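Observations on the model geometry
Residue strings, one per chain:
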Amino acid sequence: DDGVNWIEQIDIPDSFASVSKVLWFRIQSPTDLYIQYESQEGHHNISYTSDSGQSWQTVYDGGIYDNTLRSFAVSNAAPNTMYVGTTTSIYKTTDHGQSWEQVGSFPVWSLSLHPTDPNILFAGNYRTRDGGITWELIINPNVWIGALSTSESDPNVVYVSSYAYEDGIGRTID
């Protein structure tokens, strides 16, 4: 019906009683879903379901870190690899959230992963090609980047939203 009618597919379970609001979500497959939510305590967490919401696993507990989660990216090529961007840092896991390491120490509002290489990440004004070991500045640091998106069909094409672009969207093809 072209999106006219909607039905509730996934109910937030009772075990998420501390959820204040769902902030973001990412669909990996018809049954795999990540949600970023804010707890009643103000922590930004990420949980994951692989069975359409029947069970959930917390993969990022924002209460562990003294900052606010702003964005997350999950690799299609390596599903256990995930990055989170916060108000102060970037963290990476390669074991689906069992452990996290800090790979960047700058604030990030948006992340975008290369569709086939989990080591290539755009994070705000920066890019890494080695999983966060080194970073290169690719956009003027005085330009605030609100959103990033890498083309699935051509990963050389990246779009950004920013007040710096007259029409609100910038694009690079390299």
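Residues numbered from 1 in each chain as written. Predicted model: local features only at pLDDT ≥ 70, side-chain atom pairs only at ≥ 80, totals over all residues. Heavy atoms only, no water.

This part is about the nonpolar core. The biggest cluster of nonpolar side chains holds 12 residues, and these are Tyr34, Ile46, Tyr48, Val59, Tyr60, Leu69, Phe72, Val74, Met82, Val84, Tyr91 and Trp100. Only strand S3 (44-49), strand S4 (57-60), strand S5 (69-74) and strand S6 (82-86) provide two or more residues apiece to this core. Tallying contributions element by element places S5 first for this core, with 3 residues. With 10 residues, the next largest nonpolar core counts Phe106, Val108, Leu121 and Ala123 among its residues. (Core = buried A, V, L, I, M, F, W, Y, C linked by side-chain atoms within 4.5 Å. Buried < 20%, exposed > 50% of the residue type's maximum accessible area, 1.4 Å probe, protein only. Helix = DSSP H or I, 4+ residues; strand = E, 2+ residues; numbered from the N terminus.)

Moving on to the sheet that holds strand S8 (residues 101-104). The sheet built from 4 strands is open, its strands ordered S5-S6-S7-S8 with antiparallel pairing. Pairing within the sheet leaves two strands with one partner each, and these edge strands are S5 and S8. Taken pair by pair, the neighbouring strands of this sheet meet at an average axis angle of 30°, ignoring direction. As paired elements, S6 and strand S7 (residues 90-93) share 4 bridges and run antiparallel to each other. Each residue of the ladder has a partner; that of Val84, found in S7, is Tyr91. (Pairing = 2+ DSSP bridges. Axes fitted to C-alpha atoms, helices over the stretch in contact; angles between N-to-C directions.)

All right, on to unusual backbone geometry then. Even without being a glycine, His96 presents a positive backbone phi close to 60°. Of note, His96 is situated in the loop between S7 and S8.

Moving on, we come to the confidence of the model for the protein chain. For the protein chain, the average pLDDT comes to 79, and 79% of its residues sit at 70 or higher. Within the protein chain, the element-level pLDDT minimum falls on strand S1 (residues 19-27), averaging 59, and the maximum on S8, averaging 94. (pLDDT = per-residue confidence, 0-100.)

Turning our attention to the side chain of Ser110. Topologically, Ser110 is positioned in the loop between S8 and strand S9 (111-113). With a relative accessible area of 6%, Ser110 lands in the buried category. Beyond its immediate chain neighbours, meaning those up to four positions away, Ser110 contacts Ser71, Phe122, Ala123, Gly124, Gly146, Ala147 and Leu148. (Contact = heavy atoms within 4.5 Å.)

Moving on, we come to the sheet that holds strand S12 (residues 136-137). Strand order in this open sheet of 4 strands is S9-S10-S11-S12, and the pairing throughout is antiparallel. Of all the strands in the sheet, the pair left with one neighbour each is S9 and S12. Pairing of strand S10 (residues 121-123) with strand S11 (residues 126-128) involves 3 bridges; the strand directions are antiparallel. When the sheet's bridge partners are listed, Phe122 is paired in S11 with Arg127.

The next thing to look at is the packing of aromatic side chains. The full count for this structure, using the stated rule, is 3 aromatic pairs. Taking 4.2 Å as the distance between ring centres and 35° as the angle between the ring planes, the aromatic pair formed by Phe106 and Tyr126 counts as tilted. Taken together, the positions of Phe106 in the loop between S8 and S9 and Tyr126 in strand S11 put the pair 20 residues apart, joining distant regions of the chain. The class of Phe106 is buried, set by a relative accessible area of 12%. By relative accessible area, Tyr126 is classed as partly exposed at 24%. (Phe/Tyr/Trp six-rings, centres within 6.5 Å; stacked < 30°, edge-to-face > 60°.)

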